[in-house]
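# Architecture at a glance
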Amino acid sequence: MDVLHERCAGVDISKKDAKACVRSPSTKRRGSFTNETTTWGATTNAVLALRDHLLAAQVTLVVIEATSDYWKPFYYLLAQDLNVILVNARQVKNLPGRKTDVSDAAWLAQLGAHGLVRPSFVPPPPVRELRDLTRARTQMTRERGQIVQRLEKLLEDTGIKLAAVASDIMGVSGRAMLEALIAGERDPHVLAELARRKLRNKIPELTEALTGRFRAHHAFLTRLHLDHYDQLTSAIGQLDERIEEAMAPFRGALGLLDTIPGINQAVAEVIIAETGGDMARFASARHLASWAGVCPGHHESAGRTKNTKVRPGNPYLKGALGLAAFGAVRTKGTYLQARYKRLTARRGPMKALVAVEHSIITAIWHMLTDNVPYHELGGTYFTQRDPERATRRAINQLNQLGYTVTLNPRDDADAA
């Protein structure tokens with residue numbers, strides 16, 4: 001194979017240190033190369049010393065394997081003066097039986113020298129900061145949902161079935177009842193009277209559901225959960241304000257994404273934070289879908305297609321697309337809902353949702369590339385595209401129900 005970088009370095013990183021292998025031409029034999037592997041610490045001063053070492057070795061490419069978050073200080077410091085690429089560990093696996101830190105570093109240097117590695121997407125600093133904010137908000141939102149689940153389990157232990165009657169136990173009515181229970185109120189009739197608005201129609205059911213064995217032990221744990229819930233709610237509010245400020249350069253893209261059915265502001269902010277809002281780094285919509293992990297894999301052998309499950313992708317982007325797909329399939333009269341219904345009968349609901357996610361990310365690539373809003377095709381798109389097929393399907397369904405159908409063409413007068 002051709003050598004693209006005569007002087008290349010591979011860095012295998014761990015929590016405490018890193019193995020750096022410099023691959024350079026041999027001075028003894030023409031056409032051969034030598035490897036020099038050294039160990040460096042993971043502190044800032046040690047990384048700066050490694051940078052000076054690589055500059056002295058005149059390397060033209062540094063290959064770093066993405067290992068947890070340990071690669072970040074090395075990449076950020078080395079990339080200031082060197083040509084550094086970050087590679088996916090899944091794509092640079094070493095040969096079986098040769099798995100050591102030293103051999104991994106030499107393997108990375110060899111792959112980089114021959115141009116056999118593909119750089120991963122590392123966003124610029126403003127996008128990285130936006131990512132930190134949206135990911136922290138996503139994590140705190142999940143934690144807040146877990147607290148609600150813990151409260152429901154705690155109430156189950158007391159025999160109180162509030163969650164079976166009220167759809168949201170953290171709403172105004174549910175919160176008032178929980179506060180009253182903590183304060184010592186045990187009369188189910190008094191607790192049920194704390195219901196507000198539509199929930200007052202269920203006072204008899206609430207009276208029955210609020211009868212239980214709520215003791216001081218449960219009051220103590222409920223107080224802890226409610227305080228933790230309020231703390232997370234306050235933190236999420238602060239993150240919302242900070243994200244609002246950080247999204248200032250992306251107002252145009254945010255407005256375009258808001259036109260897609262199922263995408264609200266929070267989901268759009270996550271999509272922009274994970275993709276950077278710039279589609280120029282993705283060669284096509286297919287590349288973006290593959291990077292997001294919402295397209296089927298390819299596994300063909302001996303002419304037979306084997307497992308084609310979706311490949312791993314960006315988990316935060318995939319989660320946001322999942323929320324968008326759930327919202328889109330519930331929006332009536334839209335192309336995405338029609339696509340979901342068309343596929344779910346043949347492929348099942350889960351694969352149909354992935355197909356909707358693929359349609360959404362494809363639309364996002366074209367919208368942000370061409371700077372155009374979402375164009376709704378309508379819920380009758382597939383029927384209008386192939387009316388004969390739709391007619392045959394309707395006839396077959398009626399035949400299965402025991403009806404005999406005769407079709408008569410409609411003239412213009414009847415149509416009017």
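Above this text is the structure in question.
The sections below set out a description of the structure shown in this document. (Residues numbered from 1 in each chain as written. Predicted model: local features only at pLDDT ≥ 70, side-chain atom pairs only at ≥ 80, totals over all residues. Heavy atoms only, no water.)

The next point concerns the overall build of the protein. Regarding its fold elements, the protein presents 18 helices and seven strands. Against the 2.2 N^0.38 benchmark of 22 Å for 416 residues, the protein shows a C-alpha radius of gyration of 29 Å, more extended than a compact globule. The C-alpha extent of the protein, read off along each of the three principal axes, is 90 × 75 × 45 Å. Going through the 416 residues of the protein one by one, you find that 39% of them count as buried. (Helix = DSSP H or I, 4+ residues; strand = E, 2+ residues; numbered from the N terminus. Rg over C-alpha atoms; globule rule 2.2 N^0.38 Å. Buried < 20%, exposed > 50% of the residue type's maximum accessible area, 1.4 Å probe, protein only.)

A separate point is the packing of aromatic side chains. Per the counting criterion, the structure on display carries nine aromatic pairs. Ring plane angle 85° and centroid distance 5.9 Å describe the contact between Trp71 and Tyr75, whose orientation is recorded as edge-to-face. You can see Trp71 and its partner Tyr75 sitting in helix α2 (residues 71–78), four residues apart, about one turn around the helix. For the pair Trp71 and Tyr76, a centre-to-centre distance of 6.1 Å together with 70° between the ring planes defines the contact as edge-to-face. Classification of Trp71 by relative accessible area gives buried; the value is 11%. Tyr76 sits in the partly exposed class, given a relative accessible area of 29%. (Phe/Tyr/Trp six-rings, centres within 6.5 Å; stacked < 30°, edge-to-face > 60°.)

Looking now at the nonpolar core. Looking at soluble globular proteins, one finds that nonpolar side chains tend to be buried together. Among the nonpolar cores identified, the biggest contains 52 residues, and Leu257, Ile260, Ile263, Ile271, Leu321, Ile360 and Ile364 are the most heavily contacted of them. Listed by contribution, the elements that provide at least two residues to this core are α4 (125–158), α9 (216–246), α10 (251–257), α11 (265–275), α12 (285–292), α13 (315–328), α14 (335–347) and α15 (349–370). No other element matches α15, which puts 11 residues into this core. Sequence-distant contacts of Leu257, defined by excluding residues within four places in its chain, comprise Ile263, Ala268, Ile271, Ile272, Ile364, Met367 and Leu368. Within the second largest apolar cluster, 27 residues are counted, among which are Ile147, Met170, Ala219 and Leu232. (Core = buried A, V, L, I, M, F, W, Y, C linked by side-chain atoms within 4.5 Å. Contact = heavy atoms within 4.5 Å.)

A few words now on the sheet that holds strand β3 (residues 33–41). Judged by pairing direction, the sheet is mixed, and its five strands sit side by side in the order β3-β2-β1-β4-β5 without closing on themselves. Where the open sheet ends on each side, the last strands, each with one partner, are β3 and β5 (84–87). Averaged over all adjacent pairs, the angle separating strand axes in this sheet is 20°, with direction ignored. Of the strand pairs in this sheet, strand β4 (residues 61–65) and β5 are connected by four bridges, and their pairing is parallel. Residue pairing across strands places Glu65 opposite Val87, the latter belonging to β5. Those strands touched by α2 are β1 (8–13), β2 (17–25), β3, β4 and β5, and its axis lies near 165° from that of β4. Packing of helix α3 (residues 101–113) onto the sheet brings it into contact with β1, β2, β3, β4 and β5, and relative to β1 it is tilted by some 145°. (Pairing = 2+ DSSP bridges. Axes fitted to C-alpha atoms, helices over the stretch in contact; angles between N-to-C directions.)

Attention shifts here to a positive patch on the surface. Together, Arg346, Arg347, Lys351, Arg385, Arg389, Arg392 and Arg393 make up a positively charged patch on the protein surface. Secondary-structure elements contributing two or more residues to the positive patch are α14 and α17 (387–400). When residues in the positive patch are grouped by element, the largest group, three residues, is from α17. Inspection of the secondary structure puts Arg389 in helix α17. Judged by its relative accessible area of 34%, Arg389 falls in the partly exposed class. (Patch = residues over 30% accessible without salt bridge, like charges linked within 9 Å, V, L, I, M, F, W, Y side chains within 5 Å. Areas by Shrake-Rupley, 256 points an atom, 1.4 Å probe, with all protein chains shown as cover. Salt bridge = Lys/Arg side-chain N within 4 Å of Asp/Glu carboxyl O. Lys, Arg positive; Asp, Glu negative; His and termini not counted. Charge placed at Lys NZ, Arg CZ, Asp CG, Glu CD.)

When you line up the elements, Arg51 lands in helix α1 (residues 44–56). Leaving out residues up to four positions away in the same chain, Arg51 has contacts with Leu77, Leu78, Gln80, Asp81 and Leu82.

Let's shift gears to the packing of α12 against α15. As a packed pair, α12 and α15 sit with axes 9 Å apart at the nearest point and diverge in direction by 130°. Considering the angle they form, α12 stands oblique to α15. For the pair α12 and α15, the crossing hand works out as right-handed. Contacts from Ala285, Leu288 and Ala289 in α12 reach His358, Ile361, Thr362, Trp365 and His366 in α15. Residue classes in the contact of α12 with α15 are distributed as five nonpolar, three polar and no charged. (Parallel < 35°, antiparallel > 145°, perpendicular 65-115°, else oblique. Left-handed = near helix turned anticlockwise from the far one by under 90°. Nonpolar A, V, L, I, M, F, W, Y, C, P; charged D, E, K, R; others polar.)

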